[in-house]
Amino acid sequence: MIQLPAHPITFADFMERCLYDPHGGYYTSGRPVFGPPGDFYTSSHTHPLFAEILADAIAALQGLLESAPPLDLVELGPGDGVLGRNILAHLSHAHPKLAGNVRYSPVELNTPLPKRICGIVFSNEFFDALPVHRVRVKGGELRELYVEADPSTGEIRETEGPISDDRIRDYMRNGFERRREGWDYEVNLRMLDWLGDLNRRIDKGYVITIDYGFLKEEYEQVDRAAGTVLSYSRHRVVTDPYLNPGRQDITAHVNFSVLIKTAREMGWTERPLKNQREFMMEWGLAERLIRAEQSFRKPSAQKIDELLHLKRLLLPGGISDVMKVLLQGIRVK
Ligand SMILES: C[S@@+](CC[C@H](N)C(=O)[O-])C[C@H]1O[C@@H](n2cnc3c(N)ncnc32)[C@H](O)[C@@H]1O
């Protein structure tokens, strides 16, 4: 169980404790998190086709880099590592020469980023798992949400207080077109820290970010007065992040407008933001489905199971329509 201090803490501090407390945080407790025994599926756990297409994209980008081997392949927040393993397996099978020259670095909690990187950094559902501050618009002013436990009952309650970090005001200006009275917004300062860190370490390369998220104009189209903080438990969405601290996942959508603007200010370039389906189409989804269809002509129990997983990945309105993919270049032509 997560222990909260007797004084108010920022929501970012609360989320950090719930997810990453060394004694009982959601991701650190060793309980199953992903797939059937856990609380949610990511694309990594849905079907290896996702990893295979990503591996083909990585191989093509490596060609554009025009740099001498080895190629760094850095994965942020790999979790149980299934995506990285499937990417490496597909590289060995379809791009063996490149596979022999890849230096793969999974960066999990407490693993540092490599000091120098020449190659490709990728992540799936990493930035949405970083602790966020929450801000409420009150009487036209910004107030921050804090969390505290009632000393006698232990009940968790939300309080409002002053903004805890000056960078929050800039983030709000860059990330949201309109700040609506009474609405809550998330501010992911950790994401800014990661971008700065990557910028210092990448000599030349690409960053592929796959995540839930919105551009600032999209926040206008969603009716979410409480913002995008969501929890997941036993494959169900839970809207109350204060339930069962340390026992349920907590996420917040990635603000891609802030991500792109911050990176541009450091000189990065980017391709237009796509959803995962469009990204997979660009990198060969149609051809792969035609090939897969031929193999499904001789059905077996295993093939049918595989087909169901493929459907889960590609169903209209499902994960591939909701997830976004951002491809950015650093010091590349
Ligand atoms: C939602 S999971 C995604 C796992 C995996 N990428 C996938 O697609 O299944 C988020 C992962 O990010 C990791 N993470 C969070 N903060 C991190 C940090 N500061 N450094 C490295 N990994 C971190 C978590 O431990 C967790 O494994």
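Residues numbered from 1 in each chain as written. Predicted model: local features only at pLDDT ≥ 70, side-chain atom pairs only at ≥ 80, totals over all residues. Heavy atoms only, no water.

Participant: Before we go on, may I ask you to explain the overall build of the protein in this structure?
Facilitator: Of the regular secondary structure elements, the protein holds 13 helices and 17 strands. Whereas a compact globule of 333 residues would reach a radius of gyration of roughly 20 Å, the protein reaches 21 Å, a difference of no more than 12%. Summarising its shape, the C-alpha atoms of the protein cover approximately 60 × 50 × 40 Å along the three principal directions. Relative to its full complement of 333 residues, the protein shows a buried share of 52%. (Helix = DSSP H or I, 4+ residues; strand = E, 2+ residues; numbered from the N terminus. Rg over C-alpha atoms; globule rule 2.2 N^0.38 Å. Buried < 20%, exposed > 50% of the residue type's maximum accessible area, 1.4 Å probe, protein only.)

Participant: Could you clarify how one ought to interpret the pattern of salt bridges in this entry?
Facilitator: Once the charged atoms of two side chains with opposite charge are near each other, the side chains can pair. This structure, assessed with the given rule, holds 27 salt bridges. Between Arg136 and Asp184 there is a salt bridge; the shortest N-O distance is 2.7 Å. Placement of the pair is Arg136 in strand E5 (residues 133-138) and Asp184 in strand E8 (residues 184-187), with a sequence separation of 48 residues. Because the salt bridges share partners, they merge into one network encompassing Arg134, Arg136, Lys138, Glu158, Glu160 and Asp184. (Salt bridge = Lys/Arg side-chain N within 4 Å of Asp/Glu carboxyl O.)

Participant: Explain the environment of Leu76 to me, please; I cannot follow it from the model alone.
Facilitator: As for its position among the elements, Leu76 is in strand E2 (residues 71-76). The class of Leu76 is buried, set by a relative accessible area of 1%. As for Leu76 and Phe126, which are separated by 50 residues in sequence, their C-alpha atoms are 6.5 Å apart. What Leu76 contacts, discounting residues up to four positions off in sequence, is Val107, Leu113, Val121, Phe122, Ser123, Phe126, Phe127, Trp194 and Leu198. (Contact = heavy atoms within 4.5 Å.)

Participant: Before we go on, may I ask you to explain the site of the ligand in this structure?
Facilitator: Taken together, 18 residues surround the ligand, and among them Thr42, Ser44, Gly77, Glu108 and Asn124 come closest. Measuring from an oxygen atom of the ligand, one finds a side-chain N or O atom of Thr42 at 2.9 Å. Contact between the ligand and Asn124: an oxygen atom at 2.8 Å from a side-chain N or O atom of the residue. Within the complex, 93% of the 600 Å² of free accessible area of the ligand lies under protein. For the shell around the ligand, a count of residues per class yields 10 nonpolar, six polar and two charged. (Near = heavy atom within 4 Å. Polar contact = N/O pair within 3.5 Å; in protein donor to acceptor, adjacent residues only side chain to side chain. Areas by Shrake-Rupley, 256 points an atom, 1.4 Å probe, with all protein chains shown as cover. Nonpolar A, V, L, I, M, F, W, Y, C, P; charged D, E, K, R; others polar.)

Participant: Is there a simple way to explain the pairing of E8 in this structure?
Facilitator: Side-chain positions along a regular strand alternate between the two faces of the sheet. Here E8 shows no split at all, with Asp184 and Glu186 on one side and Tyr185 and Val187 on the other all buried. In this structure, E5 lies alongside E8, joined through four bridges in antiparallel fashion. Bridge pairing links His133 to Val187 in E8. (Pairing = 2+ DSSP bridges.)

Participant: Would you explain the sheet that holds strand E12 (residues 236-238) in this entry?
Facilitator: Note on sheets: strands pair through backbone hydrogen bonds, and any given pair is parallel or antiparallel. The strand order across the open sheet formed by three strands is E12-E11-E13, and the pairing between neighbours is antiparallel. What marks the edges here is a single partner per strand, and that holds for E12 and strand E13 (249-251). Across the sheet, the mean angle from the axis of one strand to that of its neighbour is 35 degrees, orientation sign disregarded. Pairing analysis gives three bridges linking strand E11 (residues 230-233) to E13, with the strands arranged antiparallel. Counterpart to Ser231 in the pairing with E13 is Ile250. (Axes fitted to C-alpha atoms, helices over the stretch in contact; angles between N-to-C directions.)

Participant: I tried to follow unusual backbone geometry on my own but got confused; where do I start?
Facilitator: If a residue is not glycine, its phi is most likely negative; likewise, a peptide bond is most likely trans. Note that the residue after Pro69, namely Pro70, is joined by a cis bond; omega there is 5 degrees. One can find Pro70 in the loop between helix H3 (49-65) and E2. Notably, Glu66 is not glycine yet its phi reads approximately 50 degrees, a positive angle. Counting through the fold element by element, Glu66 comes out in the loop between H3 and E2. The exposure class assigned to Glu66 is exposed, which follows from its relative accessible area of 58%.

Participant: Got a minute to help me understand the packing of aromatic side chains in this structure?
Facilitator: Each aromatic ring pair is described using two quantities: the centre-to-centre distance and the angle formed by the ring planes. Per the stated rule, a full pass over the model turns up 11 aromatic pairs. On the basis of an interplanar angle of 50 degrees and a centroid distance of 5.7 Å, the ring pair of Phe11 and Phe14 is categorised as tilted. Taken together, the residues Phe11 and Phe14, both in helix H1 (residues 11-20) and three residues apart, mark about one turn of the helix. Just as Phe11 is buried, Phe14 falls in that class too. Each ring, one from Phe176 and one from Tyr185, has its centre 4.7 Å from the other, and the planes form 55 degrees; the classification is tilted. For the residue pair Phe176 and Tyr185, the accessibility class agrees, reading buried in each case. Cluster of aromatic residues (ring-pair linked, three or more members): Phe176, Tyr185, Phe214 and Tyr219. In this structure, Arg134 is placed above the aromatic ring of Phe11, and the distance from its NZ or CZ to the ring centre is 5.0 Å. Positioned over the ring face of Trp183 is Arg180, at 4.2 Å from the centre of the ring. (Phe/Tyr/Trp six-rings, centres within 6.5 Å; stacked < 30°, edge-to-face > 60°. Lys NZ or Arg CZ within 6 Å of the ring centre and 35° of its normal.)

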